[in-house]
Amino acid sequence: MTISPDQILLWQWGPLHINATLAYTWLIMLLLTGGSWLITRRLSTGPDISRWQNLLEVLVTGLKDQIHDVSRQDPGQYLPFVGTLFIFIATANLLSLVPGYMPPTGSLSTTTALALCVLTAVPLYGVLHRGPIGYLRRYVQPTPLMLPFNLIGELSRTVALAVRLYGNIMSGTVIVGILISLTPFLFPIVMQLLGLLTGMIQAYIFAVLAMVYIASASSAQRQERGAGG
């Protein structure tokens, strides 16, 4: 039973190869890029807007509200990164309805890459808000002896992000495969619907956790200023 798109080899020439993970990831990027261009090329500020613009505005507003609730900061600065994470993961999982498609989030390499993006974004936002010295100081608080533990914690939560998303998507694929072999009609359909729900929940959790990590790295400056004032 194929449980990961990494196992599906589509093209190979010598050491070079393209598997389903790469192909489906690029397909999702093309769909999102093309869809964004089609929706935003005729935006309207009047009362009459298209259904797609209305959907886009609901999505963006919902993301901004969630980011503000988590960070208690201006959501505009975080929306491009966190919103892209959520939309990419959600789209990758929703396309599971297409026969023959396997979500690239079922590959550990994809989820690791997404987690590494978060690992990179956390210090970037932290340095942007607190400065290099202010951000690095958090690793030696409350005492320099905490430095190795803080570094390990930074890496471990990145691993947890990757493994959590991969494990949930992969386990759903395995369960559906088992049920198809046992009862090839009703139960796989039910599990497919549950898998879509799980995929959306995992996209939301991944985006929220990313925002929590970024907010914790960039909000301490405000706390220090409040304490100093």
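Residues numbered from 1 in each chain as written. Predicted model: local features only at pLDDT ≥ 70, side-chain atom pairs only at ≥ 80, totals over all residues. Heavy atoms only, no water.

All right, on to the packing of helix H2 (residues 51-71) against helix H3 (residues 79-94) then. Relative orientation and spacing of two packed helices are given, respectively, by the angle between their axes and the distance between those axes. Where H2 contacts H3, the two axes come as close as 10 Å, and the packing angle between them is 115°. The angle between the axes of H2 and H3 places the two elements in the roughly perpendicular class. Between H2 and H3 the crossing geometry is right-handed. Facing H2, whose interface residues are Leu-59, Val-60, Leu-63, Lys-64 and Ile-67, H3 presents Leu-79, Val-82, Gly-83, Phe-86 and Ile-87. A class-by-class count of the residues in the contact of H2 with H3 yields eight nonpolar, one polar and one charged. (Axes fitted to C-alpha atoms, helices over the stretch in contact; angles between N-to-C directions. Helix = DSSP H or I, 4+ residues; strand = E, 2+ residues; numbered from the N terminus. Parallel < 35°, antiparallel > 145°, perpendicular 65-115°, else oblique. Left-handed = near helix turned anticlockwise from the far one by under 90°. Contact = heavy atoms within 4.5 Å. Nonpolar A, V, L, I, M, F, W, Y, C, P; charged D, E, K, R; others polar.)

This paragraph deals with the packing of aromatic side chains. Going through the model one piece at a time under the given rule, you end up with three aromatic pairs. Measuring from centroid to centroid gives 4.8 Å for Tyr-24 and Tyr-101, while their planes differ by 55°, and the two rings are tilted. With Tyr-24 in helix H1 (residues 20-40) and Tyr-101 in the loop between H3 and helix H4 (108-137), the pair connects residues that are 77 residues apart, well separated along the chain. Ring centres of Tyr-78 and Tyr-125 lie 5.0 Å apart, and the angle between their planes is 55°; on these two criteria the pair is classed as tilted. Taken together, the residues Tyr-78 in the loop between H2 and H3 and Tyr-125 in helix H4 connect sequence positions 47 residues apart. Across this residue pair, the class does not change: Tyr-78 and Tyr-125 are buried. Residue placement shows Arg-138 over the ring face of Tyr-139; its charged tip is 5.4 Å from the ring centre. (Phe/Tyr/Trp six-rings, centres within 6.5 Å; stacked < 30°, edge-to-face > 60°. Buried < 20%, exposed > 50% of the residue type's maximum accessible area, 1.4 Å probe, protein only. Lys NZ or Arg CZ within 6 Å of the ring centre and 35° of its normal.)

Our next topic: unusual backbone geometry. At Arg-72, a residue that is not glycine, the phi angle is positive and equals roughly 55°. Locating Arg-72 in the fold gives a position in the loop between H2 and H3.

All chains considered together, the criterion is met by two salt bridges. Of the charged contacts, one joins Arg-138 and Glu-154 as a salt bridge, the two residues approaching to 3.8 Å between their closest N and O atoms. Of this pair, Arg-138 sits in the loop between H4 and helix H5 (147-182) while Glu-154 sits in helix H5; the two residues are 16 residues apart in sequence, bridging distant segments of the chain. Grouping residues by exposure puts Arg-138 and Glu-154 together as buried. One salt bridge connects Glu-154 with Arg-157, and the closest N-O pair in it is separated by 3.0 Å. You can see Glu-154 and its partner Arg-157 sitting in helix H5, three residues apart, about one turn around the helix. Overall, Arg-157 belongs to the buried group, its relative accessible area being 18%. One network of salt bridges, in which partners are shared, links Arg-138, Glu-154 and Arg-157. (Salt bridge = Lys/Arg side-chain N within 4 Å of Asp/Glu carboxyl O.)

With that out of the way, let us pick up H3. Between the first and last C-alpha of H3 there are 21 Å, a value that for 16 residues agrees with the 22 Å anticipated at 1.5 Å per step. For H3, a buried count of 12 out of 16 residues is recorded, marking the element as mostly surrounded by other parts of the structure. All of the buried residues in H3 are Leu-79, Phe-81, Val-82, Gly-83, Leu-85, Phe-86, Phe-88, Ile-89, Ala-90, Thr-91, Ala-92 and Asn-93. (Expected span 1.5 Å × (residues − 1).)

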